[in-house]
Each structure stands twice: as structure tokens, then as C-alpha cells.
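# Coordinate inspection notes
Listed below, chain by chain, are the residues.
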Amino acid sequence: MITTVKRAIFPGSFDPLTHGHLDIIKRSSPIFDEIVVAVLNNADKHPMFSVEERCEMISEVLPTVDTGECRILVDSFSGLTADFAKRVNATAIVRGIRAVSDYEYELRMALMNRRLEPSIETVFLMAGEEYSYVSSTLMKQVFELGGRVEGLIPELVEARMREKLSR
Ligand code: PNS
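Keep in mind that this is a model prediction, so the values were computed, not measured. (Residues numbered from 1 in each chain as written. Predicted model: local features only at pLDDT ≥ 70, side-chain atom pairs only at ≥ 80, totals over all residues. Heavy atoms only, no water.)

A few words now on the overall build of the protein. When its secondary structure is counted, the protein shows six helices and five strands. Counted from the first residue to the last, the protein has its helices and strands arranged as β-α-β-α-β-α-β-α-β-α-α. Since a compact globule built from 167 residues should have a radius of gyration of about 15 Å, the 16 Å found for the protein is in line with a globular shape. In terms of overall dimensions, the protein has a C-alpha envelope of 55 × 30 × 30 Å along the principal axes. A total of 167 residues make up the protein; the buried ones form 44% of that total. Partitioning the contacts of the protein with sequence separation of at least 6, the portion at a separation of at least 24 is 75%. Accessible surface, the protein as shown: approximately 9,700 Å² in total, 52% of it carbon and sulfur. (Helix = DSSP H or I, 4+ residues; strand = E, 2+ residues; numbered from the N terminus. Rg over C-alpha atoms; globule rule 2.2 N^0.38 Å. Buried < 20%, exposed > 50% of the residue type's maximum accessible area, 1.4 Å probe, protein only. Contact = heavy atoms within 4.5 Å. Areas by Shrake-Rupley, 256 points an atom, 1.4 Å probe, with all protein chains shown as cover.)

The subject of this paragraph is the site of the ligand. If you check the shell around the ligand, you find Gly12, Ser13, Leu40, Gly79, Leu80, Thr81, Arg95, Tyr105, Met109, Met112 and Asn113 and nothing else. A distance of 2.7 Å separates an oxygen atom of the ligand from a polar side-chain atom of Ser13. For the ligand, an oxygen atom lies 3.0 Å from a polar atom in the side chain of Arg95. For the ligand, the cavity whose grid points lie within 2 Å of the majority of its atoms is the largest pocket. Ranked by residue count, the leading element in the shell around the ligand is helix α4 (residues 100-116), at four residues. Taken together, the residues that form the shell around the ligand break down as five nonpolar, five polar and one charged. (Near = heavy atom within 4 Å. Polar contact = N/O pair within 3.5 Å; in protein donor to acceptor, adjacent residues only side chain to side chain. 1 Å grid on protein atoms, 1.4 Å probe; cavity = no way out; pocket = protein on both sides within 12 Å on 5 of 7 lines; lining within 4 Å. Sits in = over half its atoms within 2 Å of the grid points. Nonpolar A, V, L, I, M, F, W, Y, C, P; charged D, E, K, R; others polar.)

Just geometry here; none of it tells us what the structure is for.
Right, here's the structure in full:
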């Protein structure tokens, strides 16, 4: 019997990783055999963390998440998400939806990705309600202004943000 691996990618900026992202990884793990967390190397943006730092943090935090039998890999990519998905033989792109406001942008991306690569489907998962307002951008903003973000980002990520700011 030939068994095929059901592989998905979970693309994003992950600058930085939040508990919202981890929630989506956990929720998608029963659906797939492998998930590649794909960190976009976006030269236009001015990220807080380099792509290498983001990949390293994700790899360090992942063992704390129960993903059962599903293998989680971490990789970075440049260019189109659809091309990366095809290159790693993924059949699905996972994206988290926090609120209705995310839907319009996500729908446009999903339809464009489907046009670019019709064999790859986008799978939307609803983030846990407790993370419905959590975004990397908001976390950075609140943290930089001295607000509390405990429970919304992993402790390791918070420590690395503190190190960055103290430099
Ligand atoms: O975490 P983010 O910033 O919401 O992730 C957005 C991301 C990386 C998924 C999106 O910007 C993307 O796919 N960029 C790669 C370039 C691309 O494929 N653009 C066309 C998408 S329709």
C-alpha cells in the first residue's frame, strides 16, 4: 500500500511568534502528517527579528506544543507562498482567522494562491477566542511601550524581545 504524506505549510511573518500562531499549529496538527512553518523573508519590511532569529525561536518553542503524531518543521522562504508550497510538495496552506476582519484579506490571498497553484487548497482555522485580538504587530507595540504581554507570547519570545530592546 502506498501512503502519501499529507503536508501543509503554515506561512507567515512570525515577527515574533505568538500564542495565537501556536494555537493554529496545534489545531491543524490532527489534520496533517507534516506541517512546515514557513517564515517569509520579506526584504521590504523592517522586522524586529531576522529570519534566522525567528526560525530559531519557533524551533525552540515548538517542543512545548502537543502536536501528537504530526511532524512540525521550520523553514524560511522568499518569493511566492504558492511556489514554496509546491516546492515542498504541500497540498495545503494553513491560515488562521481571528475575526471577520481577517476574512476579506485572507480570502483574496487564498483565491490568488489558488489561481497561482490550483492543486493547493487554503485551509482556514479559527483561532481560539482568547487569541482573537493577538497579532505580532500589536504585541510588539504594547511591549515596546511597556505594556504586559504575558500569556500572549511564549516566555522565550518575551525574553528575546526584552534583550532586543535593552540593546
Ligand atoms: O503573518 P502574515 O504577515 O499575515 O503573513 C502574510 C504572508 C506571508 C502569508 C503573505 O504576505 C504572503 O504569502 N507573502 C508571500 C508573497 C506572496 O505569495 N504573495 C501573494 C499572496 S496572494
